[in-house]
Structure formats: C-alpha cells, structure tokens
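This is what each chain is made of:
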Amino acid sequence: MIHTSDWHLGRAFHQVGLQSAQSAYLDHLVEVVRSESIDAVLVAGDVYDRALPAPDTVAMLSDAVERLIDAGAAVVLSSGNHDSAIRLGFAARLLEKSGLHIRTNLDDIGRPVWVSGVAIHPLPYLEPSLSAGSLGSSERTHAGVLRAAMGRVRDALGAGSAAKSVVMAHAFVTGGATSDSERDIAVGGVAAVPPDVFDGVDYVALGHLHGRQQVAEGVRYSGSPVAMSFSEASHVKGSWIVDLSDASPNVDFVAAPVERPLALLRGTLDELLTDRRHSDAESAWCQVTLTDPIRPLGAMERLRARFPYTLDLRFAPSGSVTTMSAYAASLTERSDLDVCCDFLTHVRGGHGPDAGERGLLGEAVEGARLRRNATAGEGEASSRHTSGAA
C-alpha cells in the first residue's frame, strides 16, 4: 500500500494557488501505483483544504480517484479536521462497490476495509467534544476518543487474529514535529495522543502533521505531498510505500515531484541582489528577510527583479536601533513637515529622512496645503453665492 495524507486540495500558498503542483503530485501517484503494483492508496485525512471545496477542486479529486482505481488500487479516504465529514462521506456505501472506500462516520469505526487479506481501519478525525459521548469515552480529549475508537478496532480484529492490520488516523501524536501550516486542533480537548494508543496494530498511517516522520515503531506520518508554508522549506515531500507481506512492515519512501522549491533568504538588499550563492533561489518561491539598518525603498520590486517568485518580505534591521518615544507624543506643537519626518523615523526604527527625502516630504506637505486652501476658498465662494441668491 502507499500511505499518503493531507492533500489539502484547493489550498493556496501565500495567495498563489497550488492546483498545478497538486495535479502533478496526483499524476505521480497514479504512475507509482502502476509501476509498484500498489494494492491500496491510503489518504489519512484532510483530503480537501476546506469544508466547502470549489467545483474544480472536487473535479480534481474525482479524476484522481478514477485513475487510481483504473491503475489497480483500492482507494481509502478518511476525513480530517479540514474536511466536512458529511460532504466527503456522501454515497460512501455505494462507492465502496467501485473500489473507493470513504470513512467519515463514527458508526463505521470497527468496520474494516479488506484489501489482499489486510484489515485496514480508517478512523475519521474525532473532535472530542462531539464524539466522546457517542464513542463512550469518559475523557473529552483526543487521546480519550482515539482510545475508545481503538477499542472498537481491537474488538473487530479479535484475539489471536492472524490477519495483518492497519489503522489510519488524523491526530497529533506525541513525538511528532509540527510546521506552521497545520491548523491547531487543541480546541475541544487536549491535542496530544501518545503512540501506545495504537498498540497491537501492524502499521499506523497518520495524517495531520505536514512533515514525514516516524514517531514510534510502525507509527508514521507521510506528511503533505506539497509544501504549504516556508517552515517546510527543509522537507522532502512524498509518500511511504508499505509492504506487509513479511513478518514486519517494510517501508520505503518515494519522493514527490517538486514544481517549485522554497528558499529562505536573509541579508542586506545589496548582498542578496549581487551574491552568486543565491542563484538557485531565482527559480524558487522565496521568503526574504532584509537586515538593512534602514528599510530600503522599493525593496519588493528590486528583489523581484532577481527573484521573481518572492512571496514574503520581512525586515529585521541589524545594528543598534535608536530608542524612540511614543510616536503620538511627537504630534504636539510640531509643523506638518516635522510630523511627517517623525513618522518616517518611527517606522524605520529611528533612522530619519535624508535631505532628499525631507525635500520630497516638504513638497508633498506644501502641495497638500495649497490644495486644502483652494478647496476651502471654493467652499466660501459657494456659500456667499448661495446666501446672495437667497
């Protein structure tokens, strides 16, 4: 089988749509299913990025599932915290006949999907405040509801069963490393789930965390197939191929295609624009942190001349910063020009305008004064005209 999760179809990255990158991953997944004779494709939650996916996003999933099944694999989907369980689970029982197994309902916990003699138990995302009562859990925590769900799974497996078993779950399991792109699931109960909740299962296919990792023996996250935040710049995206034909699982990683890499750049503007070491970042999505002591004018435009895919610009001035009193305190008994200069000094961390900048500000202030006076004169003339007519 191939363990995937967190497709987040319909996601955007800094307001740039990921549809092309996600489509490339799905094409890659179909090819892996064919070339490796995969029996089952597992998607452990967060199939969609939002509860109400756009029509083209739904069409993307429909097309991918059809091609995966045509390539010879059963497809097993479970809902994550981003998915609408009701919408994702529509017609689930009917779709099982075609090889698509969608599990979003609490009533289906303990009912396995059988593929090549392996019992796969997909657990939907379990919100403690909503599922604890139905599952008979006295703990309204993520660990509590997953323990209750695993009780049903173990009952279904039975004592002494020789069948291999797999559990799919969408949760934060203790020991996992997080990134910035995961939605916090602590609301509604304590989030962390200890790995021993899943004891007794041959393999646990986890979703929710976006970096691939092993948190315990046989307990793994596949991570998201496409990067969704700059905190994932060091991730190698892909999926786990899991072979359960031997006594213990054999697990291999298959890397996903990268449409555009991520780059984290830091330095002064002049350094970044001239340093040849950054040539690889010219074709990457870039997060840039400028360390110039004075914020450069037109920084984003100048950066994009070399790094056209810069999406996030930050400032961390180096060196000493002049201590500033509250800006509001400088507004009393100051000329308009001085107030503008003080504001520029304030937003640039204590570095005031040079002579040229002060001259431009002076022209702007004077122009505004003349326009204001002209407008006031027109208003007075209009008032006199109206009064005379009366």
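Just above sits the structure.
Please read all numbers here as calculations on a predicted model, not as lab measurements.

Novice: Give me the sheet that holds strand 5 (residues 74-78): which residues, what numbers.
Specialist: The strand order across the open sheet formed by six strands is 6-5-4-1-15-16, and the pairing between neighbours is mixed. Edge positions in the open sheet fall to strand 6 (100-103) and strand 16 (250-255), since each of these has one partner strand only. Across this sheet, the average inter-strand angle for adjacent strands is 20 degrees, counted without regard to direction. Strands in contact with helix 1 (residues 19-36) are strand 1 (2-4), strand 4 (40-44), strand 15 (238-243) and strand 16; relative to strand 1, the strand with the most contacts, it is inclined by about 160 degrees. Packing of helix 2 (residues 55-70) onto the sheet brings it into contact with strand 4, strand 5 and strand 6, and relative to strand 5 it is tilted by some 140 degrees.

Novice: Tell me about the nonpolar core, and please be specific about residues and values.
Specialist: Across soluble globular proteins, you tend to see nonpolar side chains buried next to one another. Counting 30 residues, the largest nonpolar core has Ile-2, Trp-7, Val-41 and Leu-68 as its most contacted members. Where this core is concerned, the elements lending two or more residues are helix 1, strand 4, helix 2, strand 5 and strand 6. Here this core takes six residues from helix 1, the largest share from any one element.

Novice: I'd like a description of the packing of aromatic side chains, backed by residues and values.
Specialist: Tallied over the entire structure, the rule returns four aromatic pairs. A ring pair is formed by Phe-13 and Phe-230, whose centres lie 5.1 Å apart and whose planes are at 50 degrees; its orientation type is tilted. With Phe-13 in strand 2 (residues 12-13) and Phe-230 in the loop between strand 14 (219-221) and strand 15, the pair connects residues that are 217 residues apart, well separated along the chain. For the residue pair Phe-13 and Phe-230, the accessibility class agrees, reading buried in each case. Measuring from ring centre to ring centre gives 5.5 Å for Trp-285 and Tyr-309, while their planes differ by 85 degrees; the resulting arrangement is edge-to-face. Taken together, the positions of Trp-285 in strand 18 (residues 285-290) and Tyr-309 in the loop between helix 8 (299-306) and strand 19 (310-315) put the pair 24 residues apart, joining distant regions of the chain. Judged by its relative accessible area of 29%, Tyr-309 falls in the partly exposed class. Above the face of the Trp-240 ring, Arg-220 is positioned so that its terminal group lies 4.6 Å from the ring centre.

Calculation notes
Residues numbered from 1 in each chain as written. Predicted model: local features only at pLDDT ≥ 70, side-chain atom pairs only at ≥ 80, totals over all residues. Heavy atoms only, no water. Pairing = 2+ DSSP bridges. Helix = DSSP H or I, 4+ residues; strand = E, 2+ residues; numbered from the N terminus. Axes fitted to C-alpha atoms, helices over the stretch in contact; angles between N-to-C directions. Contact = heavy atoms within 4.5 Å. Core = buried A, V, L, I, M, F, W, Y, C linked by side-chain atoms within 4.5 Å. Buried < 20%, exposed > 50% of the residue type's maximum accessible area, 1.4 Å probe, protein only. Phe/Tyr/Trp six-rings, centres within 6.5 Å; stacked < 30°, edge-to-face > 60°. Lys NZ or Arg CZ within 6 Å of the ring centre and 35° of its normal.

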